[in-house]
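What follows is each chain in one-letter form.
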Amino acid sequence: MDRQPTLEGERVLLRPLREEDWEALFAIASDPAVWEQHPMHDRWREDVFRAFFDDAMAQGGALAVIDKTKDAIIGSTRFQAYDEADGGSVEIGWTFIAPRYWGRGLNPEMKRLMLEHAFESVARVDFRVGETNYRSRIALENIGAERSRRTELAQYQGRRVLHIVYEITAESFATGPLVSDGSDDETNDEVGES
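Residues numbered from 1 in each chain as written. Predicted model: local features only at pLDDT ≥ 70, side-chain atom pairs only at ≥ 80, totals over all residues. Heavy atoms only, no water.

**Observations concerning the overall build of the protein**
Alright, step 1. Counting its secondary structure elements, the protein contains 5 helices and 8 strands.
Alright, step 2. Against the 2.2 N^0.38 benchmark of 16 Å for 194 residues, the protein shows a C-alpha radius of gyration of 15 Å, consistent with a compact globule.
Alright, step 3. A burial count over the protein gives 52% of its 194 residues as buried.
Alright, step 4. Restricting the contact set of the protein to residue pairs at least 6 apart, pairs at least 24 apart contribute 67%.
Alright, step 5. For the protein, the accessible surface area stands at approximately 8,900 Å², while carbon and sulfur atoms represent 46% of it. (Helix = DSSP H or I, 4+ residues; strand = E, 2+ residues; numbered from the N terminus. Rg over C-alpha atoms; globule rule 2.2 N^0.38 Å. Buried < 20%, exposed > 50% of the residue type's maximum accessible area, 1.4 Å probe, protein only. Contact = heavy atoms within 4.5 Å. Areas by Shrake-Rupley, 256 points an atom, 1.4 Å probe, with all protein chains shown as cover.)

Here's what the structure looks like:
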């Protein structure tokens, strides 16, 4: 699976993340509102975001999200954890977009593009989201993701963080809300899975 494709929708362009995207992305990420429900709530700090950005560059699969009307970076997202076993799976997540774009239907558009691309190679897409990140959980449910029985427990700053795993299968995607007119539903925006 190509984890760093260029994908183009009506309003957004997703392209491989580049080192020169740092300044524009940090300008967005430095707003604490972006991370307020995220388990790593201090990702607005430059040193914490630098580690996040460097990890994205090292892992591959990271994409810049571009507003086509302004030709400007408005966030990023990733394809992570690709696994060929059992028909294949990949994680979509690590997503954040600038707050001024929340509620405008851009997240469903980017997720539709990413899911269409992923389902050319895999049978299932996973999304990890912090247990208390209700904005992201609701947005995932709005795009047709179903909560699985899988969870992951991590540590951050000395406290336990529970991630819930949602999933969309190729079959459920084919009949889900992103295939219908619901792809422009303005209630579907989320930030900060993972």
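**Focus: the pairing of strand 4 (residues 72–83)**
Alright, step 1. Note that strand 3 (residues 62–67) and strand 4 share 6 bridges and pair antiparallel. Opposite Val-65, over in strand 4, you have Gly-75 as the bridge partner.
Alright, step 2. Between strand 3 and strand 4, which pair antiparallel and follow one another directly, the connecting turn spans 4 residues, one of which, Asp-71, has a positive phi of 50°.
Alright, step 3. Relative to strand 5 (residues 89–97), strand 4 is paired through 6 bridges, and the arrangement is antiparallel. Among the inter-strand pairings, Arg-78 is bridged to a residue of strand 5, identified as Gly-93.
Alright, step 4. Following strand 4, the chain reverses through 5 residues before pairing antiparallel with strand 5; Asp-86 in that reversal takes a positive phi of roughly 55°. (Pairing = 2+ DSSP bridges.)

**A short note on the packing of helix 1 (residues 22–29) against helix 2 (residues 46–59)**
Alright, step 1. Contact geometry for helix 1 and helix 2: axes closest at 11 Å, N-to-C directions at 130°. Classified by the interaxial angle, the pair formed by helix 1 and helix 2 is oblique. The way helix 1 lies across helix 2 gives a crossing that is right-handed. Two secondary-structure elements touch here, helix 1 through Trp-22, Leu-25, Phe-26 and Ala-29 and helix 2 through Glu-46, Phe-49, Arg-50 and Phe-53.
Alright, step 2. Its residues placed into classes, the contact of helix 1 with helix 2 shows 6 nonpolar, no polar and 2 charged. (Axes fitted to C-alpha atoms, helices over the stretch in contact; angles between N-to-C directions. Parallel < 35°, antiparallel > 145°, perpendicular 65-115°, else oblique. Left-handed = near helix turned anticlockwise from the far one by under 90°. Nonpolar A, V, L, I, M, F, W, Y, C, P; charged D, E, K, R; others polar.)

**Things to note about helix 1**
Alright, step 1. Within helix 1, the full set of buried residues consists of Trp-22, Leu-25, Phe-26, Ile-28 and Ala-29. Projected down its long axis, helix 1 shows its buried positions confined to an angular sector of 155°, all on one face. Among the exposed residues of helix 1, those oriented more than 90 degrees off its buried face are Glu-23 and Ala-27.
Alright, step 2. Residues of helix 1 that are buried sit in contact with helix 2, strand 4 and strand 5. (Arc of directions from axis to C-beta.)

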